[in-house]
Amino acid sequence: MEDFAELLDCAREARAAAYAPYSGFAVGAALQAASGQVFCGCNVENASYGLTVCAERVALFAAVAAGVREFAAVAVVADSPEPATPCGACRQVLYEFAPDLQVILANLQGRQKKMRLRELLPEAFDNFTSRLTSSKCSTGKRQMPEK
Ligand SMILES: [Zn+2]
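Quick look at the structure, then. What you are looking at is a predicted structure, and each value in this text was computed from that prediction instead of being measured.

Here we look at the pairing of strand S4 (residues 102-107)
Part 1 of the reasoning: Direction of pairing for strand S3 (residues 71-78) relative to S4: parallel, over a ladder of six bridges. Bridging from a neighbouring strand, Val76 pairs with Leu105 of S4.
Part 2 of the reasoning: Handedness of the crossover joining S3 and S4 through helix H3 (residues 88-95): right-handed.
Part 3 of the reasoning: Direction of pairing for S4 relative to strand S5 (residues 112-116): antiparallel, over a ladder of five bridges. The residue of S5 that forms the bridge with Leu105 is Lys113.

Shown next, in the form of structure tokens:
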């Protein structure tokens with residue numbers, strides 16, 4: 001088993017920066033690019049609740065903003081009895097870039113779970129539009145307006 005101790009340390013460190021005054025549930029994530037570069041994220045909550053962004057997406061968006069789009073693994077650390085799994089939204093957003101991403105989850109007591117993103121998000125929504133070969137819809141009766 002590959003040792004993800006360093007990546008988990010990064011996630012634990014990132015967790016310390018979490019802004020979670022509403023839930024009190026601080027989460028840290030460390031996303032390792034295929035190149036080995038690591039991008040960290042923490043959850044950032046908001047008074048509106050719905051605008052809260054999870055640690056996993058903060059890390060991913062930081063990586064994409066830096067021009068990185070290929071990833072090998074993500075470590076997520078939270079203070080929970082069992083290692084906390086990423087929410088559905090984060091699973092889908094991570095899947096966009098790395099369906100086979102290695103996911104390592106841990107709590108502060110060192111309990112760990114390791115799995116592939118595909119296992120966490122079976123039957124994910126995929127980018128179907130990139131596979132369309134025609135601008136016609138399936139009936140062939142309607143076309144996109146000419147420009
Ligand atoms: Zn999430």
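So, next bit.
Focus: the nonpolar core
Part 1 of the reasoning: With 36 residues, the main nonpolar core has Ala11, Ala29, Ala30, Ala59, Val74, Ala75 and Val76 as its most contacted residues.
Part 2 of the reasoning: Of all the secondary structure elements, the ones that give two or more residues to this core are helix H1 (5-15), strand S1 (27-33), strand S2 (38-42), helix H2 (55-65), S3, H3 and S4.
Part 3 of the reasoning: Sorting elements by how many residues they give to this core places S3 first, with seven residues.
Part 4 of the reasoning: Setting aside chain neighbours within four positions, we find Val74 in contact with Ala29, Ala30, Leu31, Glu56, Leu94, Leu101 and Val103.

A closer look at the environment of Ala63
Part 1 of the reasoning: Along the polypeptide, Ala63 turns up in helix H2.
Part 2 of the reasoning: With 24 residues separating them in the primary sequence, Ala63 and Phe39 have C-alpha atoms 5.9 Å apart.
Part 3 of the reasoning: Not counting chain neighbours up to four residues away, the residues in contact with Ala63 comprise Leu31, Ala33, Phe39 and Val68.

What counts and how
- Here, residues in each chain are numbered from 1, in the same order as that chain's written sequence.
- A pLDDT threshold of at least 70 governs which residues receive local features in this predicted model, and a stricter bar of 80 or more applies before side-chain atom pairs are shown or counted, although totals over entire chains, interfaces and linings include all residues.
- At least two bridges found by DSSP between two strands are what make those strands a pair.
- Segments assigned H or I by DSSP are reported as helices when at least four residues long, segments assigned E as strands when at least two residues long, and all are numbered from the N terminus.
- A clockwise course of the path from the first strand over the helix to the second, judged with the strands pointing away from the viewer, identifies a crossover as right-handed.
- In this usage, the nonpolar core is the set of buried Ala, Val, Leu, Ile, Met, Phe, Trp, Tyr and Cys residues whose C-beta atoms join them within 7 Å.
- In this scheme the burial state of a residue depends on its C-beta neighbours within 10 Å: 20 or more other such atoms mean buried, 12 or fewer mean exposed, and anything in between means partly exposed; the C-beta positions come from the backbone.
- Note on contacts: residues are paired as contacts if their backbone-placed C-beta atoms lie within 7 Å.

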